[in-house]
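Here is what each chain is made of, one letter per residue.
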Amino acid sequence: MSLDINKVVIKTSLTSCFGNHFKEVEGASAFIDELAEDAEEISLAQGEYVFKEKDVPEYIYIPESGSLMLERSTASGSRQVFAFLFTGNLAGLSENVSYSFSAKALTNCVVIRISRQLMQDIFDKYPAVAKRYHDVTGHILSLILDQLFIMGQKSAHQRLGHFLLDMEHRLGRGTHKFFLPMSRQDIADYLGMSLETASRGFSKLKKDGLITIESNYQITVLDKEKLKAYAD
(Lines give C-alpha, C1' and ligand atoms only; values in the text may rest on other atoms or scores of the structure.)
Protein backbone atom coordinates (compact mmCIF):
# COMPACT_ATOMS: atom_id res chain seq x y z
CA MET A 1 0.00 0.00 0.00
CA SER A 2 1.42 3.40 -0.99
CA LEU A 3 1.84 6.29 1.43
CA ASP A 4 -0.38 9.37 1.06
CA ILE A 5 2.38 11.90 1.36
CA ASN A 6 -0.15 14.77 1.28
CA LYS A 7 -1.74 13.83 4.61
CA VAL A 8 -0.98 16.50 7.19
CA VAL A 9 0.06 13.96 9.85
CA ILE A 10 2.53 12.34 7.47
CA LYS A 11 3.99 15.69 6.46
CA THR A 12 4.29 16.60 10.13
CA SER A 13 6.03 13.32 10.97
CA LEU A 14 8.57 13.65 8.15
CA THR A 15 9.21 17.31 8.94
CA SER A 16 9.73 16.48 12.63
CA CYS A 17 12.10 13.68 11.67
CA PHE A 18 14.21 15.33 8.97
CA GLY A 19 13.84 19.02 9.82
CA ASN A 20 11.78 22.01 8.71
CA HIS A 21 13.94 22.77 5.69
CA PHE A 22 14.30 19.19 4.49
CA LYS A 23 12.59 19.97 1.16
CA GLU A 24 15.49 22.28 0.34
CA VAL A 25 17.96 19.37 0.57
CA GLU A 26 19.10 18.10 -2.83
CA GLY A 27 17.17 14.94 -3.70
CA ALA A 28 14.56 15.44 -0.96
CA SER A 29 11.63 15.67 -3.37
CA ALA A 30 12.65 12.44 -5.11
CA PHE A 31 13.15 10.80 -1.72
CA ILE A 32 9.61 11.76 -0.66
CA ASP A 33 8.21 10.52 -4.00
CA GLU A 34 9.86 7.14 -3.48
CA LEU A 35 8.57 7.00 0.08
CA ALA A 36 5.08 7.72 -1.21
CA GLU A 37 5.37 4.74 -3.54
CA ASP A 38 7.00 2.16 -1.27
CA ALA A 39 6.51 3.10 2.40
CA GLU A 40 3.29 2.35 4.29
CA GLU A 41 1.29 3.20 7.40
CA ILE A 42 0.91 0.57 10.11
CA SER A 43 -1.70 0.82 12.89
CA LEU A 44 -0.89 -0.60 16.32
CA ALA A 45 -3.07 -1.16 19.36
CA GLN A 46 -1.89 -0.23 22.84
CA GLY A 47 0.49 -2.91 24.11
CA GLU A 48 1.25 -4.29 20.64
CA TYR A 49 4.87 -4.62 19.56
CA VAL A 50 6.28 -2.93 16.46
CA PHE A 51 9.18 -5.36 16.69
CA LYS A 52 10.71 -7.57 19.35
CA GLU A 53 14.16 -8.52 20.54
CA LYS A 54 15.87 -10.91 18.10
CA ASP A 55 13.67 -9.85 15.15
CA VAL A 56 15.60 -9.12 11.96
CA PRO A 57 15.81 -5.32 11.44
CA GLU A 58 14.19 -5.04 8.02
CA TYR A 59 12.42 -1.72 8.54
CA ILE A 60 12.78 1.77 9.98
CA TYR A 61 9.75 3.29 11.68
CA ILE A 62 8.62 6.89 12.17
CA PRO A 63 5.75 7.37 14.66
CA GLU A 64 2.94 9.38 13.10
CA SER A 65 0.62 9.46 16.11
CA GLY A 66 0.67 7.94 19.59
CA SER A 67 3.82 6.89 21.43
CA LEU A 68 6.29 4.00 21.55
CA MET A 69 8.63 2.65 24.22
CA LEU A 70 11.96 0.95 23.58
CA GLU A 71 12.69 -1.75 26.17
CA ARG A 72 14.86 -4.75 26.86
CA SER A 73 14.20 -7.63 29.24
CA THR A 74 16.62 -9.98 30.97
CA ALA A 75 16.32 -13.71 31.60
CA SER A 76 15.62 -12.94 35.27
CA GLY A 77 12.57 -10.87 34.33
CA SER A 78 13.94 -7.38 35.01
CA ARG A 79 13.55 -4.68 32.38
CA GLN A 80 15.34 -1.58 31.16
CA VAL A 81 13.45 1.11 29.25
CA PHE A 82 15.74 2.91 26.82
CA ALA A 83 13.53 5.60 25.30
CA PHE A 84 10.06 6.99 24.73
CA LEU A 85 9.32 7.93 21.13
CA PHE A 86 6.72 10.33 19.74
CA THR A 87 5.72 11.87 16.40
CA GLY A 88 8.68 12.22 14.06
CA ASN A 89 11.16 10.17 16.11
CA LEU A 90 13.04 7.27 14.51
CA ALA A 91 12.64 3.67 15.66
CA GLY A 92 14.30 0.52 14.42
CA LEU A 93 17.84 1.82 14.12
CA SER A 94 20.22 -1.12 14.43
CA GLU A 95 23.44 -2.23 12.77
CA ASN A 96 23.17 -5.75 14.17
CA VAL A 97 21.69 -8.81 12.47
CA SER A 98 18.85 -8.78 15.01
CA TYR A 99 17.32 -6.31 17.43
CA SER A 100 18.69 -6.24 20.98
CA PHE A 101 15.57 -4.40 22.20
CA SER A 102 11.82 -4.24 21.54
CA ALA A 103 9.52 -1.39 20.51
CA LYS A 104 6.10 -1.42 22.17
CA ALA A 105 3.08 0.81 21.60
CA LEU A 106 2.27 2.75 24.77
CA THR A 107 -0.97 3.96 23.20
CA ASN A 108 -2.93 3.22 20.05
CA CYS A 109 -0.64 4.59 17.38
CA VAL A 110 0.20 4.77 13.70
CA VAL A 111 3.74 4.48 12.35
CA ILE A 112 5.30 4.94 8.93
CA ARG A 113 7.17 1.77 7.96
CA ILE A 114 10.09 2.12 5.54
CA SER A 115 12.22 -0.77 4.35
CA ARG A 116 15.90 -0.43 5.16
CA GLN A 117 16.72 -1.51 1.60
CA LEU A 118 14.63 1.38 0.23
CA MET A 119 16.49 3.78 2.50
CA GLN A 120 19.85 2.45 1.36
CA ASP A 121 18.86 2.68 -2.31
CA ILE A 122 17.81 6.28 -1.83
CA PHE A 123 20.99 7.12 0.06
CA ASP A 124 23.06 5.70 -2.79
CA LYS A 125 21.29 8.03 -5.23
CA TYR A 126 20.93 11.11 -3.05
CA PRO A 127 23.97 11.66 -0.78
CA ALA A 128 22.58 14.94 0.60
CA VAL A 129 19.52 13.06 1.89
CA ALA A 130 21.84 10.43 3.37
CA LYS A 131 23.79 13.17 5.16
CA ARG A 132 20.60 14.64 6.65
CA TYR A 133 19.55 11.18 7.84
CA HIS A 134 22.93 10.56 9.46
CA ASP A 135 22.74 13.99 11.10
CA VAL A 136 19.42 12.89 12.64
CA THR A 137 20.84 9.58 13.86
CA GLY A 138 23.91 11.38 15.20
CA HIS A 139 21.63 13.64 17.23
CA ILE A 140 19.89 10.55 18.61
CA LEU A 141 23.27 9.17 19.71
CA SER A 142 24.03 12.49 21.41
CA LEU A 143 20.75 12.30 23.33
CA ILE A 144 21.55 8.74 24.41
CA LEU A 145 24.94 9.87 25.73
CA ASP A 146 23.26 12.74 27.58
CA GLN A 147 20.86 10.27 29.16
CA LEU A 148 23.73 8.02 30.25
CA PHE A 149 25.47 11.01 31.87
CA ILE A 150 22.30 11.96 33.75
CA MET A 151 21.80 8.39 34.93
CA GLY A 152 25.33 8.25 36.27
CA GLN A 153 25.68 11.69 37.81
CA LYS A 154 22.26 12.68 39.16
CA SER A 155 20.28 11.51 42.18
CA ALA A 156 17.04 9.60 41.63
CA HIS A 157 14.85 12.64 42.25
CA GLN A 158 17.06 14.84 40.05
CA ARG A 159 16.65 12.30 37.24
CA LEU A 160 12.88 12.52 37.64
CA GLY A 161 13.01 16.32 37.48
CA HIS A 162 15.08 16.18 34.31
CA PHE A 163 12.66 13.64 32.82
CA LEU A 164 9.65 15.89 33.45
CA LEU A 165 11.42 18.86 31.85
CA ASP A 166 12.17 16.69 28.82
CA MET A 167 8.54 15.55 28.60
CA GLU A 168 7.30 19.13 28.91
CA HIS A 169 9.53 20.09 25.98
CA ARG A 170 8.45 17.13 23.83
CA LEU A 171 4.77 16.87 24.77
CA GLY A 172 3.75 20.27 26.11
CA ARG A 173 3.17 21.89 22.70
CA GLY A 174 4.42 25.21 24.01
CA THR A 175 2.60 24.96 27.34
CA HIS A 176 3.56 23.71 30.79
CA LYS A 177 0.82 21.05 30.78
CA PHE A 178 1.27 17.61 29.24
CA PHE A 179 -0.09 14.07 29.41
CA LEU A 180 2.28 11.23 30.23
CA PRO A 181 1.40 8.15 28.14
CA MET A 182 3.65 5.87 30.17
CA SER A 183 3.05 4.30 33.59
CA ARG A 184 4.98 5.05 36.76
CA GLN A 185 6.65 1.65 36.38
CA ASP A 186 7.74 2.54 32.83
CA ILE A 187 9.24 5.78 34.15
CA ALA A 188 11.00 3.97 37.00
CA ASP A 189 12.49 1.43 34.58
CA TYR A 190 13.63 4.27 32.31
CA LEU A 191 15.27 6.22 35.12
CA GLY A 192 16.85 3.23 36.83
CA MET A 193 14.95 3.38 40.10
CA SER A 194 12.28 1.45 41.97
CA LEU A 195 8.59 2.16 41.54
CA GLU A 196 8.47 3.33 45.17
CA THR A 197 11.29 5.84 44.59
CA ALA A 198 9.59 7.18 41.47
CA SER A 199 6.29 7.57 43.32
CA ARG A 200 7.98 9.38 46.21
CA GLY A 201 9.71 11.64 43.73
CA PHE A 202 6.43 12.69 42.13
CA SER A 203 4.92 13.29 45.58
CA LYS A 204 7.90 15.44 46.64
CA LEU A 205 7.75 17.58 43.50
CA LYS A 206 4.04 18.09 44.06
CA LYS A 207 4.50 18.89 47.76
CA ASP A 208 7.26 21.40 46.93
CA GLY A 209 4.91 23.22 44.55
CA LEU A 210 6.91 22.46 41.41
CA ILE A 211 4.22 20.41 39.64
CA THR A 212 0.56 19.46 39.87
CA ILE A 213 -0.69 15.95 39.13
CA GLU A 214 -4.11 15.02 37.83
CA SER A 215 -5.09 11.35 37.55
CA ASN A 216 -1.40 10.32 37.68
CA TYR A 217 -0.89 11.18 34.01
CA GLN A 218 -1.74 14.87 33.53
CA ILE A 219 1.22 16.95 34.70
CA THR A 220 1.59 20.72 34.91
CA VAL A 221 4.96 22.30 35.63
CA LEU A 222 4.25 25.22 37.96
CA ASP A 223 7.75 26.66 38.23
CA LYS A 224 10.06 25.64 35.40
CA GLU A 225 13.09 27.55 36.65
CA LYS A 226 12.88 25.97 40.09
CA LEU A 227 12.42 22.54 38.51
CA LYS A 228 15.53 23.14 36.39
CA ALA A 229 17.47 24.12 39.50
CA TYR A 230 16.15 21.01 41.27
CA ALA A 231 17.20 18.76 38.37
CA ASP A 232 20.70 20.28 38.26
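Please refer to the structure higher up on the page.
Here the residue numbers are simple positions, counted from 1 along each chain's written sequence. Restriction of local features to residues with pLDDT of at least 70 applies here, the model being predicted, together with a cutoff of 80 or more for giving and counting side-chain atom pairs; totals for whole chains, interfaces and linings are based on all residues. Excluding hydrogens and water, the side-chain figures rest on all heavy atoms present in the structure.

### Quick notes on the overall build of the chain
Definition in use: Each helix is a run of H or I in the DSSP string that is no shorter than four residues. Each strand is a run of E no shorter than two, and both are numbered from the N terminus. Our radius of gyration is a C-alpha quantity, and the globule rule it is checked against amounts to 2.2 Å times the number of residues to the power 0.38. The classification of residues rests on relative accessible area computed with a 1.4 Å probe and restricted to protein chains. Under 20% of the type maximum is buried, over 50% is exposed, and intermediate values are partly exposed. Here, Shrake-Rupley sampling with a 1.4 Å probe gives the accessible areas, and only protein chains in the shown set may cover a residue.
Helix and strand content of the chain: eight helices and ten strands. For 232 residues, the compact-globule estimate of 2.2 N^0.38 gives 17 Å, and the chain sits close to it at 19 Å. Expressed as lengths along the three principal axes of its C-alpha atoms, the size of the chain is roughly 55 × 40 × 30 Å. A buried classification covers 43% of the 232 residues belonging to the chain. As presented, the chain carries roughly 12,300 Å² of accessible surface, and 50% of it is formed by carbon and sulfur atoms.

### As for the nonpolar core
It is characteristic of soluble globular proteins that their nonpolar side chains tend to be buried jointly. Convention followed: The term nonpolar core refers to a set of buried residues drawn from Ala, Val, Leu, Ile, Met, Phe, Trp, Tyr and Cys, joined through side-chain atoms within 4.5 Å. Whether two residues touch is decided by their heavy atoms; if any such pair falls within 4.5 Å, the residues are in contact.
Among the nonpolar cores identified, the biggest contains 28 residues, and F84, F163, L164, L180, M182, F202 and I211 are the most heavily contacted of them. Looking at this core, the elements that each hand over two or more residues are β5 (79-85), α5 (156-171), α6 (184-191), α7 (195-207), β9 (211-214), β10 (218-221) and α8 (224-231). Setting aside anything within four residues of it in sequence, one finds F202 in contact with L160, L164, L180, R184, I187, I211, I213 and I219.

### Points about helix α3 (residues 116-125)
Short version of the rule: The directions considered for the arc run from the helix axis to the C-beta atoms.
For α3, every residue scored as buried is listed here: L118, M119, I122 and F123. Angularly, the buried residues of α3 cover 135° about the axis, an arc narrow enough to put them on a single face. Exposed side of α3, more than 90 degrees from the buried face: Q117 and D124 are the residues found there. The elements touched by buried residues of α3 are α2 (28-38), β3 (59-65), β7 (109-115) and α4 (127-153).

### A closer look at the packing of α5 against α8
Cut-off, in case you're wondering: Comment: axis = line fitted to C-alpha atoms, over the contacting stretch for helices; angle = value between 0 and 180 degrees taken between N-to-C directions. Angles below 35 degrees are treated as roughly parallel, those above 145 as roughly antiparallel, those between 65 and 115 as roughly perpendicular, and all remaining angles as oblique. Helix crossings are classified by the rotation of the near helix relative to the far one: an anticlockwise turn of less than a right angle makes the crossing left-handed, while a clockwise turn makes it right-handed.
α8 packs onto α5 with a crossing angle of 140° between their chain directions and a minimal axis gap of 8 Å. By the angle between their directions, the pair α5 and α8 is classed as oblique. At the point where α5 passes α8, the crossing takes the left-handed sense. Two secondary-structure elements touch here, α5 through H157, Q158, G161, H162, L164, L165 and E168 and α8 through K224, L227, K228, Y230 and A231.

### Observations concerning the sheet that holds strand β4 (residues 68-73)
Note: strands within a sheet are paired through backbone hydrogen bonds, in either parallel or antiparallel orientation. Defined as follows: Here, strands pair whenever DSSP counts at least two bridges between them.
In spatial order, the strands read β2-β6-β4-β5; together these four strands make up an open sheet with antiparallel pairing. If you trace the sheet from one side to the other, it starts and ends with β2 (49-51) and β5, each paired once. Pairs of neighbouring strands in the sheet enclose a mean axial angle of 30°, with direction left out of account. Sheet analysis places β2 next to strand β6 (residues 102-105), joined by two bridges and oriented antiparallel. In the sheet register, F51 faces β6, and the bridge partner there is A103. Relative to the sheet, α6 contacts β4 and β5, its axis offset from that of β5 by approximately 105°.

Bear in mind that shape data such as this cannot, by itself, settle questions of function.
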